[in-house]
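If you want the building blocks of each chain, they are given just below.
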Amino acid sequence: MVQTLTILGLESSCDDTAAAVVQKTGESKVEILSSVVHGQTELHSAFGGVVPEIAARAHAEKLDLCVVQALDAAGLSLRDMDAIAVTAGPGLIGGVMSGVMCAKGLSAATGLPLIGVNHLAGHALTPRLTDGIAFPYLMLLVSGGHCQYLIAQGPEQFTRLGGTIDDAPGEAFDKTARLLGLKQPGGPSVETEARSGDPKRFRFPRPLLDRPGCDLSFSGLKTALMRTRDQIVAEKGGLTRQDRADLCAGFQLAIVDTLAEKTRRAIALYLEQEPDDPVIAVAGGVAANSAIRSALESVCSHIGVRFTAPPLGLCTDNAAMIAFAGMERFEAGARDGLDLMARPRWPLDQDSPAMLGGGKKGAKA
Ligand code: KG4
Ligand code: ZN
C-alpha cells in the first residue's frame, strides 16, 4: 500500500497568522493542499513597525480560524492528519507562544504527534518543497527580519556563512520608505519609485564590502540616505518627485551591489564543498525585488550555478513551509512533547557565533 503523510502546519512568529496542509504520497512530490495566511499589516500600520503585543493577541484570535480554513480548503479534517507542525521560534515571543499553545491544544485533544519547527528552517527548506532541490544547496534568506547565507546540508543541518550584523535588507527598505513618506511595506514602494529614478545621482555606501567574508550591514545605508534627504530639504525646502525617485534608485543599487558581491563570495565558499549539482536558492520577501533578483541571477549564470527562487507566496511567511519542514523532521523520526518551548532566538547553525540585533521583526539569529 502506498503510504500517505499529511501534516498540518501553523505559523505565527511575526505578523502573519497562517495554517496549511501539505501531503506526500509515496515517493511523489509533496503537494500543498491548502495554505491560508491572515496578514496583520493594517493593525500595525499606524505604529511604523510590528507591535509585539498587538501581534500576539491577533495571532491568538486568528489561529483557530486559520486552522479551520486550511482544513476546509484541503477537504480534510484533523483525523486525516499524521502530525501537527508549529513554528517554535525564532520570532516575537508572544506570537510564537500563541502558535505553540494552539498546536499543543490540538495535539493533546487528538493525540497527534507535535513537531516544533525552526521558522528559518521553514524558509531554508522551501526550495525542496517547490523544486525538490537536493542537499547540499546554498540559501540566501532576505526578508524584513532575516538576512543570511546558509549551506543546507540536511533537514536540520545548516552551516551559516554570514549574515547581517544589524538591520535586515527588508527593514532597510521599510525604513527608507518611511524616511521618504512612502507607504508600507517599504520594499515594493521603494522599488516602484526606483524605476523612474537615476541610480547614479546619489552614491550610497556599500557596507562591509571592504571586509572579507559574507557578513552584511545595512543600518549605515539608511543613515546615509537620511543625511542626503535632509541636505536636499535644507537646500531646496523639500523633495521633488524626481529627488525621491533618485534616492530610491541609489539606495536600491547599493543593496543590489552589496548582495551581488556577497553572493559571489558565498558561492565560492559553497563550491569548495564540491556539490554535484550546485544550486543557490533565494527566499524571503526581499527576493520579490526584480532588480535584486536579476542581479543574483546574473551572478549565478556567470559562475555557472543554478538559481532558483520559490514563488512569492512561498518566499514570504506562510505555514506550508512549516508543515513541510515538520514533515522532513517527522520522516527523520523527530517528535516533540507537550514540553515544547517557544524560543525567541534559535540559530539554525548552533556552531556559528550569535548575530547582533533583534530588528523590528524579531530575532534574526
Ligand atoms: O519574508 P517577509 O514577508 O517577512 C519577514 O520579514 O519575515 O518579508 C517582508 C519584507 C518587508 O520588509 C518588505 O518591505 C520586503 O520584504 N519586500 C521587499 C519587496 N517586497 C517585499 N523588499 C524589496 N523589494 C520588494 N519588491
Ligand atoms: Zn520569515
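Residues numbered from 1 in each chain as written. Chains lettered and ligands numbered in written order. Predicted model: local features only at pLDDT ≥ 70, side-chain atom pairs only at ≥ 80, totals over all residues. Heavy atoms only, no water.

1. What to know about the packing of helix H4 (residues 119-131) against helix H11 (residues 320-331)
Helix-helix packing is characterised by the crossing angle of the two axes and by the distance between the axes. Contact pair H4 / H11: the axes reach a minimum separation of 8 Å and the direction vectors enclose 85°. Judged by the angle between their axes, H4 and H11 are roughly perpendicular. Side by side, H4 and H11 meet where His119, Ala121, Gly122, His123, Leu125, Thr126, Arg128 and Leu129 of the first sit next to Ala320, Met321, Ile322, Phe324, Ala325 and Glu328 of the second. (Axes fitted to C-alpha atoms, helices over the stretch in contact; angles between N-to-C directions. Helix = DSSP H or I, 4+ residues; strand = E, 2+ residues; numbered from the N terminus. Parallel < 35°, antiparallel > 145°, perpendicular 65-115°, else oblique. Contact = heavy atoms within 4.5 Å.)

2. With respect to the pairing of strand S6 (residues 137-142)
Across the six residues of S6, six count as buried, placing the element largely inside the fold. Residues Tyr137, Met139 and Leu141 of S6 are buried on one face, and the alternating residues Leu138, Leu140 and Val142, pointing to the opposite face, are buried as well. Bridge count for S6 against strand S7 (residues 147-154) is six bridges, and the pairing is antiparallel. Note that in S7 the partner of Val142 across the bridge is Cys147. (Buried < 20%, exposed > 50% of the residue type's maximum accessible area, 1.4 Å probe, protein only. Pairing = 2+ DSSP bridges.)

3. Some words on the site of ligand 1
Taken together, 20 residues lie near ligand 1, and Gly144, Asp174, Gly187, Glu191 and Gly285 sit nearest. Interatomic distance of 2.9 Å between a backbone N/O atom of Gly187 and an oxygen atom of ligand 1. Taking Asp317, its side chain carries an N or O atom lying 3.3 Å from an oxygen atom of ligand 1. Its free accessible area being 550 Å², ligand 1 has 91% of it covered by the protein chains. Looking at the shell around ligand 1, the elements that each hand over two or more residues are helix H5 (169-179) and helix H6 (186-195). Ranked by residues supplied to the shell around ligand 1, first place goes to H6 with four residues. (Near = heavy atom within 4 Å. Polar contact = N/O pair within 3.5 Å; in protein donor to acceptor, adjacent residues only side chain to side chain. Areas by Shrake-Rupley, 256 points an atom, 1.4 Å probe, with all protein chains shown as cover.)

4. Section: helix H2 (residues 52-74)
Over its 23 residues, H2 runs 31 Å from end to end, which matches the ideal 33 Å to within 8%, given 1.5 Å per residue. Residue Lys62 marks the point of greatest curvature in H2, where the axis turns by about 40°. All of the buried residues in H2 are Ala55, Ala56, Ala58, His59, Leu63, Cys66, Val67, Ala70, Leu71 and Ala74. Within two residues after H2, Gly75 carries a phi angle of roughly 70°, on the positive side. (Expected span 1.5 Å × (residues − 1). Bend = angle between axes of the 7 residues up to and from the residue.)

5. Observations regarding the sheet that holds strand S10 (residues 306-308)
Sheet architecture is open: five strands sit in the order S8-S7-S6-S9-S10, paired in mixed fashion. In the strand order of this sheet, the two ends are held by strand S8 (157-163) and S10, each with one partner. Direction aside, neighbouring strands of the sheet carry axes that sit 25° apart on average. For strand S9 (residues 279-283) and S10, the ladder comprises three bridges, and the chain directions are parallel. Note on S10: the bridge partner recorded for Ala281 is Thr308. Against the sheet, H4 makes contact with S6, S7, S8, S9 and S10, and its axis sits at roughly 125° relative to S6, the strand it touches most.

6. Some remarks on the coordination of the zinc ion (ligand 2)
For the zinc ion (ligand 2), the full set of protein donor atoms is His119 (NE2), His123 (NE2), His146 (NE2) and Asp317 (OD), and the range of their distances to it is 2.1 to 2.6 Å. Each of the four donor atoms around the zinc ion (ligand 2) contributes to a set of angles spanning 87 to 168°, which defines the coordination as irregular. Linear spacing of the donor residues for the zinc ion (ligand 2) on their chain is H-x3-H-x22-H-x170-D. Here the residue His123 occupies a position in helix H4, and His146 occupies one in the loop between S6 and S7, the gap between them amounting to 23 residues. According to the relative accessible area criterion, His146 is buried, its value standing at 8%. (Donors = N, O, S within 2.8 Å, 3.2 Å for Na, K, Ca; no water. Tetrahedral: all angles 85-135°; square planar, octahedral: opposite > 155°, others 65-115°.)

7. Quick notes on the domain arrangement of the protein chain
Domain annotation for the protein chain reports domain 1 (4-126 + 314-363) and domain 2 (135-310). On a C-alpha basis, the centres of domain 1 and domain 2 stand 26 Å from each other. In this complex, domain 1 contributes 25 residues to the contact, which on the side of domain 2 involves 27 residues. Each partner contributes to the roughly 2,300 Å² buried at the junction of domain 1 and domain 2, and carbon and sulfur atoms together form 62% of this total. At the junction of domain 1 with domain 2, the criterion picks out one salt bridge. Here Glu156 and Arg329 are joined by a salt bridge, their closest N and O atoms 3.3 Å apart. There are five residue pairs in polar contact (both at pLDDT 80 or more) connecting domain 1 and domain 2. It is H4 that contributes the most residues to the side of domain 1 that touches domain 2, seven residues altogether. (Domains from an automatic or database assignment. Buried area = accessible area lost by both parts, 1.4 Å probe. Salt bridge = Lys/Arg side-chain N within 4 Å of Asp/Glu carboxyl O.)

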